[in-house]
Amino acid sequence: MYAQGLIGATAETRENEAFLEAFQQRIDAEEKIEPRDPMPAAYRKTLVRQIAQHAHSEIVGMLPEGNWITRAPTLRRKIALLAKVQDEGGHGLYLYAAAETLGVSREELVDQLLKGTAKYSSIFNYPALTWADIGAIGWLVDGAAIMNQIPLCRCSYGPYSRAMIRICKEESFHQRQGYEIMSVLAKGSDAQRRMAQDALNRFWWPSLMMFGPPDSSSKHSDKSMRWKIKRFTNDELRQKFVDATVPQAHHLGLEIPDSDLRWNEERGHWEFGELDWNEFWNVVKGNGPCNKQRLRQRRKAHAENAWVREAAAAHAQKRAERNRSAAS
Amino acid sequence: MAQADSKFVLRLADDHLILGQRLAEWCGHAPTLEEELSHANIGLDLLGQARNLFAYASQLLGGTDEDRLAFLRLEHEYKNVLLVEFPNEDFGYSVIRQLFFSAFMHPYWQALTSSADAELRAIAGQAVKEAAYHVRHSREWTLRLGDGTEESRQRVQTAVDDLWSFTGELFEVDDLYRQMMEAQVAPDPVSIAPTWRETVVATLEEATLQVPTETWMQTGGRVGRHTEALGHLLTELQYMQRAYPDMAW
Amino acid sequence: MTVKHSPLWEVFIRARNGVAHKHVGSVHAEDAEMALQAARDVYTRRGEGVSIWIVPTAQIVASDPHDKEAMFEPGENKPYRHPTFYEVPDEVGHM
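S.K.: Explanation requested: the overall build of chain C in the structure shown.
M.R.: Counting its secondary structure elements, chain C contains two helices and three strands. The N-to-C order of helical and strand elements in chain C reads β-β-α-β-α. Residues counted as buried form 31% of the 95 residues belonging to chain C. When contacts within chain C are restricted to residue pairs at least 6 apart in sequence, long-range pairs at least 24 apart make up 44% of them. Element-wise, carbon and sulfur atoms account for 56% of the exposed surface of chain C, whose accessible area totals about 6600 Å².

Here is the structure:
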């Protein structure tokens, strides 16, 4: 049924018009597509790509925050941050599990990540330089992620939608934790306020870039929208995020680093400046501050621990052999 | 009804803080995604217990709080056993360090559930369940690493040999500890030793590992004389509190 | 690097006051004991469960979605299996 059965299977479907039409009808009727249901190859492929990217993002996302756990300023913050990063690992796990229902193994996906052929959210290619960054990441990065994730709870593919529901439930404390950290800093000493403002300055634009390229240049969107894998456009979500977040920043007494930011009474939205799309594409291509460092760390962890995984596999085999000879 | 001495509570608190910190270092570096979560769980358990113990110690001392105690003492003022500050040389060291520590803490917390100190009884009630799982987790990994591949056996045997001399400290009794025993606050380690040995020896043997025969034991943690590793650990732990003194976080 | 596949296990959890085990996802582990521990560490961090079942994914036998009609529709038009099909006089009380 799941990955182990489908690995190597060609999963061919006869994709004539009638088939595609029938499939689209199921989607339009808000039916959930489940692992063994017939589905267009392009649907399966798009889902694997999207779910895998999401999973990789959670895994790489553990690194910028993970590097501050040992330096968290209080016991309460240390515990909360460790729990948050653990959740992120868990989210990656749920997502790999969802991807595996589509006929690809976790090992293959991890291999793609470590080889550098898979994409993950480029926000994690920015460094976490101060404790305030931990606040900014929780507030802005998790905030942006939540904007993306809530609509995905209604995605057409059953396992992905269920994984997203679980993730969204767990995610609610992440953003609150980040905002609380920023709050305390913003109301604290001069040094703390400066730290918070500096973190906001560095994470604001990269957070907006999390919603992807502008609708005009996004190549995957059309089919994804029709198949209810994607439920809102990049620009729609980006605007939603800005509208939600600007008042939060004002409440903190911090300034958003955008001189073009202004409230448009007519439209009922916050207008914001043009993103630096050069920077966006550079980071996506692999030229961000931490791209190489992140992968190096994951590769190192993977390689240095190969002996552990091999030992576990060898032990399981020995055990199975012992059970077999005991039974005979 | 008796009350623990704050110095005794701090020893236990330090044990859990330092080991919790070592486990937190595995974040992003574990062998599998599942182990990332397992190690984080154990780290969270230990840090949670540390927090309870620091809170209690600060209550007993008065005029301080859990964070001042956890973050602002000098190296020689930390009284954890040397075993817990041992660096994460590799996954095998981490597993064996956990096995040695938890095989002690599980029966120890069990005994503390009958402590004359009410607060320690309460903390122990929760901690004993957590420690049971820590023993199980480290035991199972010891079996897989010891009785896995030739490479894993060699690596984990090295860890066992290196860490063995740090186990004696768990059972040390000094004047402070004797007072705690007399007040029935703490158990006699002599009563813990057989359970500890049984768990450890049975696990190592089943894992096809050699049980070291070395009898010389490292010491010094309980009087604040540490290994070189602790200084570096504290540098990271204390950085924010030292760089930004007297601020709220 | 040859990609070696570690076994996949499906995880079912029964909640504290739940009646049945519910499928919550999967974990990778080399053997049953480690799968059980992984399931506990991954899926019960928020007090979700009191009982865990793990099953190797390869052992699950599932009905074929193509057979949905033959497997399930016949059950839908047999109202005599439902209590609402039968009338019981009000005076008799709740049944």
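Having seen the model, we can carry on.
S.K.: Looking at this structure, I do not really get the interface of chain B and chain C. What am I missing?
M.R.: The accessible area lost on association of the parts is a frequent measure of interface size. The partner chain C presents twelve residues to the ten residues of chain B that form the contact. Here chain B meets chain C over a buried area of about 1100 Å², counting both sides, of which 49% is carbon and sulfur. The shortest N-O distance in the salt bridge between arginine 136 of chain B and glutamate 33 of chain C comes to 2.9 Å. Seen at the junction of chain B and chain C, the total is seven residue pairs in polar contact (both at pLDDT 80 or more). Those elements that provide at least two residues to the side of chain B that touches chain C are α2 (33–61) and α6 (118–146) of chain B. Looking at which element gives the most residues to the side of chain B that touches chain C, the answer is α6 of chain B, with six residues. Counted by class, the side of chain B that touches chain C contains three nonpolar, three polar and four charged residues.

S.K.: What am I meant to see in the packing of helix α13 (residues 306–327) of chain A against helix α7 (residues 150–164) of chain B here?
M.R.: Two packed helices can be described by the angle between their axes and the distance between those axes. Where α13 of chain A contacts α7 of chain B, the two axes come as close as 9 Å, and the packing angle between them is 115°. For the pair α13 of chain A and α7 of chain B, the crossing hand works out as left-handed. Across from Trp307, Glu310, Ala311 and Lys318 of chain A in α13 of chain A, the residues of α7 of chain B making contact are Glu151, Ser152, Arg153 and Arg155 of chain B. For the contact of α13 of chain A with α7 of chain B, the class distribution of residues is two nonpolar, one polar and five charged.

S.K.: Help me out: how do you make sense of helix α1 (residues 32–43) of chain C in this one?
M.R.: Since the α-helix turns once every 3.6 residues, residues separated by three or four places project in the same direction. Residue and element names in this part refer to chain C. The first and last C-alpha atoms of α1 sit 16 Å apart over twelve residues, in line with the 16 Å expected at 1.5 Å per residue. Of all the twelve residues making up α1, nine are buried; the element is thus mostly covered by neighbouring parts of the structure. Residues Glu33, Met34, Ala35, Gln37, Ala38, Ala39, Asp41, Val42 and Tyr43 constitute the buried set of α1. The residue sitting at the N-terminus of α1 and contributing the capping side-chain oxygen is aspartate 31; that oxygen lies 3.2 Å from the backbone nitrogen of glutamate 33.

S.K.: Before we go on, may I ask you to explain the packing of helix α3 (residues 41–66) of chain A against helix α12 (residues 291–304) of chain A in this structure?
M.R.: Residues and elements named next belong to chain A. Contact geometry of α3 with α12 gives a least axis separation of 10 Å together with a crossing angle of 105°. Put simply, α3 runs roughly perpendicular to α12. Where α3 approaches α12, its residues Ile59, Val60, Leu63 and Pro64 are matched on the opposing element by Arg294, Gln297 and Arg298. Broken down by class, the residue content of the contact of α3 with α12 amounts to four nonpolar, one polar and two charged.

S.K.: Even after reading the chapter, I still don't get the environment of alanine 196 of chain A, so can you show me in this structure?
M.R.: Residues and elements named next belong to chain A. Following the sequence through the fold, alanine 196 ends up in helix α8 (residues 190–209). Put simply, alanine 196 and glutamine 177 are 19 residues apart on the chain and 14 Å apart in space, counted from C-alpha to C-alpha. In this structure, alanine 196 is in contact with Ala132, Met182, Leu185 and Leu254, ignoring residues within four places of it in sequence.

S.K.: What exactly am I supposed to notice about the pattern of salt bridges here?
M.R.: Opposite charge on two side chains permits pairing when their charged atoms draw close. Residues and elements named next belong to chain B. What the rule picks out here adds up to 40 salt bridges over all chains. A salt bridge links glutamate 66 to arginine 51; the nearest nitrogen and oxygen atoms lie 2.8 Å apart. Of the two residues, glutamate 66 sits in helix α3 (residues 66–71) while arginine 51 sits in helix α2, which places them 15 residues apart along the sequence. Exposure remark for glutamate 66: the relative accessible area of 17% places this residue in the buried category. Residue arginine 51 is classed as partly exposed on the basis of its relative accessible area, which comes to 28%.

S.K.: Where do I start with the environment of threonine 219 of chain B in this structure?
M.R.: All names here are of chain B. Relative to the helices and strands, threonine 219 is located in the loop between α9 (189–206) and α10 (228–243). According to the relative accessible area criterion, threonine 219 is partly exposed, its value standing at 41%. Residues threonine 219 and leucine 37, spaced 182 residues apart in sequence, show a C-alpha to C-alpha distance of 33 Å. If near-sequence neighbours (up to four positions away) are discounted, threonine 219 is found in contact with Leu82, Glu169, Glu172 and Arg225. A distance of 2.5 Å separates a polar atom in the side chain of threonine 219 from a polar atom in the side chain of glutamate 172.

S.K.: Would you take a moment to explain the packing of aromatic side chains for this structure?
M.R.: Describing an aromatic ring pair means giving the distance of the ring centres and the angle of the ring planes. Residues and elements named next belong to chain A. Throughout the structure, instances matching the rule amount to 23 aromatic pairs over all chains. Ring centres of phenylalanine 23 and tryptophan 227 lie 6.3 Å apart, and the angle between their planes is 80°; this geometry places the pair in the edge-to-face category. A residue pair is termed long-range when its members are at least 10 positions apart, and phenylalanine 23 in helix α2 (residues 17–28) and tryptophan 227 in the loop between α9 (221–226) and α10 (234–252) qualify at 204 residues. Classification of phenylalanine 23 by relative accessible area gives buried; the value is 3%. In this structure tryptophan 227 comes out as buried when scored by relative accessible area, which is 5%.

S.K.: For this particular structure, what's the right way to read the interface of chain A and chain B?
M.R.: Across the contact, 48 residues belong to chain A and 50 residues belong to chain B. Summed over both partners, the interface of chain A with chain B comes to about 4200 Å²; 68% of that surface belongs to carbon and sulfur atoms. Counting across the interface, chain A meets chain B through four salt bridges. Residue lysine 318 of chain A is joined to aspartate 147 of chain B by a salt bridge in which the shortest nitrogen-to-oxygen separation is 2.8 Å. Linking chain A with chain B are 17 residue pairs in polar contact (both at pLDDT 80 or more), by the criterion used here. Elements with a minimum of two residues in the side of chain A that touches chain B: α3, α4 (75–100), α7 (158–186), α8, α12 and α13 of chain A. Broken down by class, the residue content of the side of chain A that touches chain B amounts to 25 nonpolar, twelve polar and eleven charged.

S.K.: Would you mind showing me how to read unusual backbone geometry here?
M.R.: Note on backbone geometry: most residues besides glycine have negative phi, and most peptide bonds are trans. Phi at lysine 228 of chain A takes a positive value of approximately 55°, unusual for a residue other than glycine. Inspection of the secondary structure puts lysine 228 of chain A in the loop between α9 and α10. At threonine 208 of chain B, a residue that is not glycine, the phi angle is positive and equals roughly 55°. Note on placement: threonine 208 of chain B falls in the loop between α9 and α10. Residue class for threonine 208 of chain B comes out partly exposed when judged on its relative accessible area of 36%.

S.K.: Sorry, what's going on with the sheet that holds strand β3 (residues 51–56) of chain C here?
M.R.: Two pairing modes exist for strands in a sheet, parallel and antiparallel, and in both the strands are linked by backbone hydrogen bonds. All names here are of chain C. Taken together, three strands build an open sheet; the order of strands is β2-β1-β3 and the sheet is antiparallel. Among the strands making up the open sheet, the edge pair consists of β2 (22–28) and β3. Neighbouring strand axes in the sheet, compared pairwise and without regard to direction, differ in orientation by 30° on average. Across six bridges, the pairing between strand β1 (residues 8–14) and β3 is antiparallel. By the bridge assignment for β3, glutamate 10 is matched with valine 55.

Conventions used here
- Residues numbered from 1 in each chain as written.
- Chains lettered and ligands numbered in written order.
- Predicted model: local features only at pLDDT ≥ 70, side-chain atom pairs only at ≥ 80, totals over all residues.
- Heavy atoms only, no water.
- Helix = DSSP H or I, 4+ residues; strand = E, 2+ residues; numbered from the N terminus.
- Buried < 20%, exposed > 50% of the residue type's maximum accessible area, 1.4 Å probe, protein only.
- Contact = heavy atoms within 4.5 Å.
- Areas by Shrake-Rupley, 256 points an atom, 1.4 Å probe, with all protein chains shown as cover.
- Buried area = accessible area lost by both parts, 1.4 Å probe.
- Salt bridge = Lys/Arg side-chain N within 4 Å of Asp/Glu carboxyl O.
- Polar contact = N/O pair within 3.5 Å; in protein donor to acceptor, adjacent residues only side chain to side chain.
- Nonpolar A, V, L, I, M, F, W, Y, C, P; charged D, E, K, R; others polar.
- Axes fitted to C-alpha atoms, helices over the stretch in contact; angles between N-to-C directions.
- Left-handed = near helix turned anticlockwise from the far one by under 90°.
- Expected span 1.5 Å × (residues − 1).
- Parallel < 35°, antiparallel > 145°, perpendicular 65-115°, else oblique.
- Phe/Tyr/Trp six-rings, centres within 6.5 Å; stacked < 30°, edge-to-face > 60°.
- Pairing = 2+ DSSP bridges.

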